[in-house]
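# Tertiary structure, described
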Amino acid sequence: MRPGGNRGWLLRLVIAFSFAQGAVSMARPAVSYRALALGADERAIGVIAGVYALLPLFAAVPLGRRTDHGRCAPLLPVGVVLIAGGCALSGTANSLAAMAAWSGVMGLGHLSFVIGAQSIVARQSAPLDQDRNFGHFTIGASLGQLVGPIAAGALIGGPDMAGTSALALLVAGGVAAVSFVSLWRIEHRDRPKSRTGRGDRVPVHRILRTRGVPAGIFISLAVLSATDILTAYLPVVGEHRGIAPSVIGLLLSLRAAATIACRLVMTPMLRILGRAALLSTTCLLGALLCAGIALPVPVWGLAVILALLGFCLGVGQPLSMTTVVQAAPDDARSTALALRLTGNRLGQVAAPAAAGLVAGVAGVAAPFVMLGALLLIASGLGLRQGRTGAAAPEPAERRGRTPSAPEPERR
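Structural notes, computed from the coordinates. (Residues numbered from 1 in each chain as written. Predicted model: local features only at pLDDT ≥ 70, side-chain atom pairs only at ≥ 80, totals over all residues. Heavy atoms only, no water.)

This brings us to the packing of helix α9 (residues 213–241) against helix α13 (residues 299–327). Packing of α9 against α13 leaves a shortest axis separation of 8 Å and a crossing angle of 155°. Accordingly, the angle class assigned to the pair α9 and α13 is roughly antiparallel. Two packed elements cross with a definite hand, and for α9 against α13 that hand is left-handed. On the side of α9, the interface is formed by Val213, Gly216, Ile217, Ser220, Val223, Leu224, Ala226, Thr227, Leu230, Leu234 and Arg241, while α13 contributes Leu302, Leu306, Leu309, Leu313, Gly316, Gln317, Ser320, Thr323, Val324 and Ala327. (Axes fitted to C-alpha atoms, helices over the stretch in contact; angles between N-to-C directions. Helix = DSSP H or I, 4+ residues; strand = E, 2+ residues; numbered from the N terminus. Parallel < 35°, antiparallel > 145°, perpendicular 65-115°, else oblique. Left-handed = near helix turned anticlockwise from the far one by under 90°. Contact = heavy atoms within 4.5 Å.)

In this section: a nonpolar patch on the surface. Nonpolar side chains collect at one region of the surface, where Leu11, Ile15, Phe19, Val178 and Val181 lie side by side and expose about 410 Å² of accessible area between them. By the element assignment, Phe19 lies in helix α1 (residues 8–37). (Patch = residues over 30% accessible without salt bridge, like charges linked within 9 Å, V, L, I, M, F, W, Y side chains within 5 Å. Areas by Shrake-Rupley, 256 points an atom, 1.4 Å probe, with all protein chains shown as cover. Salt bridge = Lys/Arg side-chain N within 4 Å of Asp/Glu carboxyl O.)

Right, let's get into the state of the cysteines. Cysteine pairs can be covalently joined through their sulfur atoms, and such a bond is termed a disulfide. Going through the model one piece at a time under the given rule, you end up with zero disulfides. Unpaired in this structure, Cys283 has its nearest cysteine sulfur neighbour in Cys312, at a distance of 8.7 Å. (Disulfide = S-S within 2.5 Å.)

Here we take up the packing of aromatic side chains. Scanning the entire structure with this criterion turns up two aromatic pairs. Look at Phe17 and Phe113: their rings are 5.7 Å apart centre to centre, the planes differ by 20°, and that puts the pair in the stacked class. Here the residue Phe17 occupies a position in helix α1, and Phe113 occupies one in helix α5 (residues 96–124), the gap between them amounting to 96 residues. Of the two residues, Phe17 and Phe113, neither departs from the other in class, the shared state being buried. Among the aromatic residues, those joined into a cluster by ring pairs are Phe17, Phe113 and Phe137. Over the ring of Trp184 we find Arg12, and its NZ or CZ is 4.3 Å from the ring centre. When the ring centre of Tyr52 is taken as reference, the NZ or CZ atom of Arg28 above it lies at 3.9 Å. (Phe/Tyr/Trp six-rings, centres within 6.5 Å; stacked < 30°, edge-to-face > 60°. Buried < 20%, exposed > 50% of the residue type's maximum accessible area, 1.4 Å probe, protein only. Lys NZ or Arg CZ within 6 Å of the ring centre and 35° of its normal.)

Quick look at the structure:
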């Protein structure tokens, strides 16, 4: 089937991703609350959040290499099994070390699912459809981020914080397992083989030196770090400001709803501003809004800030995917996406650890100021990409490239 054909596969992928991401988004705040109930402080929360990304940090590139020269779909059920197991076993763990370990398993499962899913979208989308299809794909993540925190907030609370957070983690494992119902006929089986053999792999350093790839990786890292620390540390902010877990869940879901709204209107925004200007502007606004969370605003003010922040953060992930895919060499696109995810996971290791140190020294609101600085740098990189033309729309089409290996009629 030609890229850009029937998109039923994309709908099934979005549904599966919604449940997988919903489980993770439900589990992340539940892990924080359970760790607090077991005696963790801000530094320990940062370490546990960082371990979530530690195993994926070493697994991303090998998985990307495998996907460049083979099928993508097998990574999806593997990812679901690891997510479900990591969630459920985190709920039964009675020590901070065990919680950190199972959090790492959950992170590895999420990475496996995302590498497989992103590679399918890149491979089966025509160049002109990549921004739209990646935007629709990430709606699945936003739907999960919308429902997950609400479900966690509804289950967690009362005097038995350890017990209710454990229940939320067990339920999250069941939610992840529901992803299996739509993992069918997602990948086209008539994809031509790669033009290069396994011995002709594009070196990682060459991919990283390709114009557009480093900027796309860093922008993605900054945006995901903002989302990740927001999920992990807003419960801590709530505890210090006396905000109930159910309200924190609603605030996190409000951010996710705003992200969905952003991705639904991304196509007209791209037509008006272009990819580079849209990335730069939203990262700049996101930096200011992240810093605003550190202010002692009332709950309604925090809701406004999070809604605007969610809209701004909705741009970075799908457009950084397109930027990396279209800039990368033809036979290394899955590896380039894996490097982007490696950057994400590196941010998820370093940013929570740094946030934990900053919070321990300057208070629980200080990590959001740190995130503002990170997004400010990302905004500058987005603007620089626009000036150099590296992030210009449709570079693949101008070079006569397709999002996958050449189609049969062109071989």
